[in-house]
Structures are given as C-alpha cells and as structure tokens.
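Survey of secondary and tertiary structure
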Amino acid sequence: MTGPDEPAALHATELGFGYRARGDRALRDCGFTVPRGRITALVGRNGAGKSTLLHLAGGLLRPTHGRIRVLGTAPDSAGARTRVALLTQDKPLYPRFTVADTLRMGGKLNASSWDRRVAERVVREGGIALSARVGELSPGRRTRVALALALGKRPELLLLDEPLADLDPVVRTEIMATLMAEAAERELSIVLSSHVLPDLEQTCDWVLLLRAGRVELSEDADALREGHTLLTGHVDEEPALREHTVVHRRRHGRQLTALVRPRGPVGGSWHVERPPLEEILLGHLQDGAAPKEAAA
Ligand SMILES: Nc1ncnc2c1ncn2[C@@H]1O[C@H](COP(=O)(O)OP(=O)(O)OP(=O)(O)O)[C@@H](O)[C@H]1O
C-alpha cells in the first residue's frame, strides 16, 4: 500500500479540459488523489469524461486548466512514459502482424523494462497462438493481446479505458483475475473505467466517480460501503430523511427505498441494509439530472 510520502498514482488539482470542437469543457475543476497500490474503478455515465481523464493521465492530451500528476510526475515526462501504460478503447494494433511480431515490437519499444514472459503468459492464458495474425483475432482476443503488451511493459500504473466492454463474461472474469494477480504480485496500481458495475464489486478498492465532467467521489471502496445505508420503509417516514444526505430514492406505491449517507443515527422504523458497492455506484449515477447527451 501507499506510504505517506510516496507520490499518489494520480493527483489532480483544478483539472479541466475542453475539446476545441466544443464550447463547454469535458472536465472541469477536478481535484482528487488516487493512492498508489489501489485498483480503482473509474465510473460515470456516457460522456461523463472518463476517457478524457485517462487520456490526460496517459499524456495523450494536455490539460487546458489545472494539472494532473501520475506517480508524482507530469504524464508526458520520459519517466511517466516508461512507468505508465495506457490501454485505450481503440487498442491500436497492427492487423497484419502475428501475435509474436506484436510482442517483439513491444519488446523493442520498451527495451528497458520489457518482460517477455509476462506478455506471453497473458496471451497463452487466453488460448491465443503466437503465430495467429492479429487482424484475424476476435475483438476480445485482440483486447487480450493489447493487455499483454501493456503488462509486458511492467508498468507501475496501468490505465485501462473500458477494456472489458467487448468480452464475454467468462473472458471478463479471466482478465480481471489476471489483473488482480499482477496487481498483487508487484504493487501495480490500476485505474479501470467500466460500465460493468458487478465486475468492480470484488476487484476494486478505490472509486473515482465522474458526473458531467466533475469528480463526485474519490474514496476508498470499503469507506463508501460503510458510509452508505439502504433504507426501506413507508413513504410517511420520508420527512425523517431530511437529517441525512439522500443519494437516491425510489417509490413503489407506498413503499420508499432510499440510499442515504447517514449524518447520525437513523430514527424511525426503517428496514436497514448495508448496500453492495454496485448499488451505491448506481445510486450516485442515477442521482440528479441525466448527462446532456442522454437528455438530448
Ligand atoms: N474528440 C472529441 N472531440 C470533441 N468532443 C469530444 C471528443 N471526445 C469526447 N468528447 C466529448 O467530451 C465529453 C466527455 O467524453 P468522454 O469520452 O471522455 O466520456 P466517457 O465518460 O468516456 O464516455 P463513455 O462512457 O461514453 O465512453 C463528451 O461530451 C464527449 O462528447
């Protein structure tokens, strides 16, 4: 885990970014710290700014406001380039290369840190032949090859932009297990954006939640679980909720279910449950107005 003086995996202050084509900003006033050694779930609705944030952390974009540091250094510094790996959604791979050619290229591009055994193991665990041509692999298998390239670089920080989106549930589980094993073996920090909330429940121990370009949560996952309560009761009990922070509420007839952050003991005759992380994230994502694009 992170020592008190060790630089954070990610640290942002007043971070903002606007694409030229857009009048408003994709990210604004983002201030957060993600400690090292964590597996972080980066969540948010479509268009919330997750990819933009990962591209800034990976040095592919530069902030238009504020700043972001990765492992204590600027994302476009030479140090960050060797210590940070970013796997983007488009997973740029040469379709005509074989898997072996692709890994050889990874070795040449990352000569100082390349670990061929790790890269080949990740490929082999997916049942992919080194002689297979990348362009002929299924999208899920291409994802695995891209992940092998990223892990073979032996990064200290791995940034993954929706790596699981095109994978079947079995492969998703396998890839998460590979990531967890790598993270446990050598203090790898991972930031993983995903819409598949159940996958995050068992794997992630930090949550970074974006809403419409702003950071709504940057918190330890267990602290989030302990800090939220799911209440079910009669709608007449609703006034008692005023003393607490209600993240989300829904009614079924006369029954009210509310996800709350209690500010003290919860009075009344509520049925009280400790919600799973998935429910907490869903509550925060549902709360408030829909993102602009969804509303449009
Ligand atoms: N290249 C671009 N040019 C202009 N606007 C862009 C560009 N890429 C993203 N945006 C806009 O920036 C905002 C944030 O987009 P981003 O892709 O970072 O969100 P996201 O949370 O990753 O979304 P999703 O879950 O759909 O992948 C959106 O409003 C999007 O339309």
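Residues numbered from 1 in each chain as written. Predicted model: local features only at pLDDT ≥ 70, side-chain atom pairs only at ≥ 80, totals over all residues.

Concerning the UniProt feature "domain: ABC transporter" (unreviewed entry) in the protein
Where we set the bar: UniProt positions are given in the numbering used here, feature names are shortened, and annotations may be inferred rather than shown by experiment. Starting at the N terminus, helices and strands are each numbered in turn, a helix being any DSSP run of H or I of at least four residues and a strand any DSSP run of E of at least two.
When the UniProt feature table is mapped onto this chain numbering, "domain: ABC transporter" (unreviewed entry) sits at residues 10-237. Along residues 10-237 the backbone is 35% helical and 26% strand, and the end-to-end C-alpha distance reaches 42 Å.

So, the pairing of strand E6 (residues 157-161)
Keep this limit in mind: Residues with at least 20 other C-beta atoms within 10 Å of their own are called buried, those with 12 or fewer are called exposed, and the rest are partly exposed. The C-beta atoms themselves are positioned from the backbone. DSSP calls a pair of strands paired once it identifies at least 2 bridges connecting them. Clockwise travel from the first strand over the helix to the second, with the strands pointing away from the viewer, marks a crossover as right-handed.
In terms of burial, E6 is largely enclosed, as five of its five residues are buried. The two faces of E6 match: Leu-157, Leu-159 and Asp-161 on one face and Leu-158 and Leu-160 on the other face are all buried. Both strand E5 (residues 84-87) and E6 contribute to a ladder of four bridges, which runs parallel. Along E6, the bridge assignment pairs Leu-86 with Leu-159. Two elements, E6 and strand E7 (residues 189-193), share five bridges in a ladder whose sense is parallel. Bridging from a neighbouring strand, Leu-158 pairs with Ile-190 of E7. As for the winding sense of the linkage, the β-α-β connection from E6 through helix H6 (residues 169-186) to E7 is right-handed.

Quick word on the pairing of strand E12 (residues 255-261)
Of the pairings in the sheet, the one linking strand E10 (residues 229-234) to E12 comprises six bridges and is antiparallel in character. If you follow Thr-229 over to E12, its bridge partner there is Val-260. Pairing of strand E11 (residues 245-252) with E12 involves seven bridges; the strand directions are antiparallel. Bridge pairing in E12 places Val-246 opposite Val-260. Counting the residues between successive antiparallel strands, the hairpin from E11 to E12 contains two residues, one of them, Gly-253, with a positive phi of roughly 60°.

Considerations on the site of the ligand
What counts here: A molecule or strand has a residue near it when that residue's C-beta atom, placed from backbone coordinates, lies within 6 Å of it. Throughout this entry, Asp, Glu, Lys and Arg are counted as charged residues, while Ala, Val, Leu, Ile, Met, Phe, Trp, Tyr, Cys and Pro are counted as nonpolar. The remaining residues, Gly among them, count as polar.
Not every one of the 13 residues close to the ligand is listed here, only the nearest: Tyr-19, Ala-26, Asn-46, Ser-51 and Thr-52. The element contributing the most residues to the shell around the ligand is helix H1 (residues 50-57), with three residues. Grouping the amino acids of the shell around the ligand by side-chain chemistry returns four nonpolar, six polar and three charged.

Observations concerning the environment of Arg-25
As a reminder of what qualifies: Contacts are defined on C-beta atoms placed from the backbone: any two residues whose C-beta positions lie within 7 Å are in contact.
Here Arg-25 is to be found in the loop between strand E1 (10-17) and strand E2 (27-34). For Arg-25, a count of 18 C-beta atoms within 10 Å gives the class partly exposed. When the C-alpha atoms of Arg-25 and His-65 are compared, they prove to be 10.0 Å apart, with 40 residues separating the residues in sequence. With sequence-adjacent residues up to four places away left out, Arg-25 is seen in contact with Gly-16, Phe-17, Gly-18 and Gly-213.

Some thoughts on unusual backbone geometry
Backbone geometry places Leu-71, a non-glycine residue, at a positive phi of 50°. Mapping Leu-71 onto the fold places it in the loop between strand E4 (65-70) and helix H2 (78-83). Despite not being glycine, Ala-212 has its phi angle at roughly 45°, a positive value. Here Ala-212 lies in the loop between strand E8 (206-211) and strand E9 (214-220).

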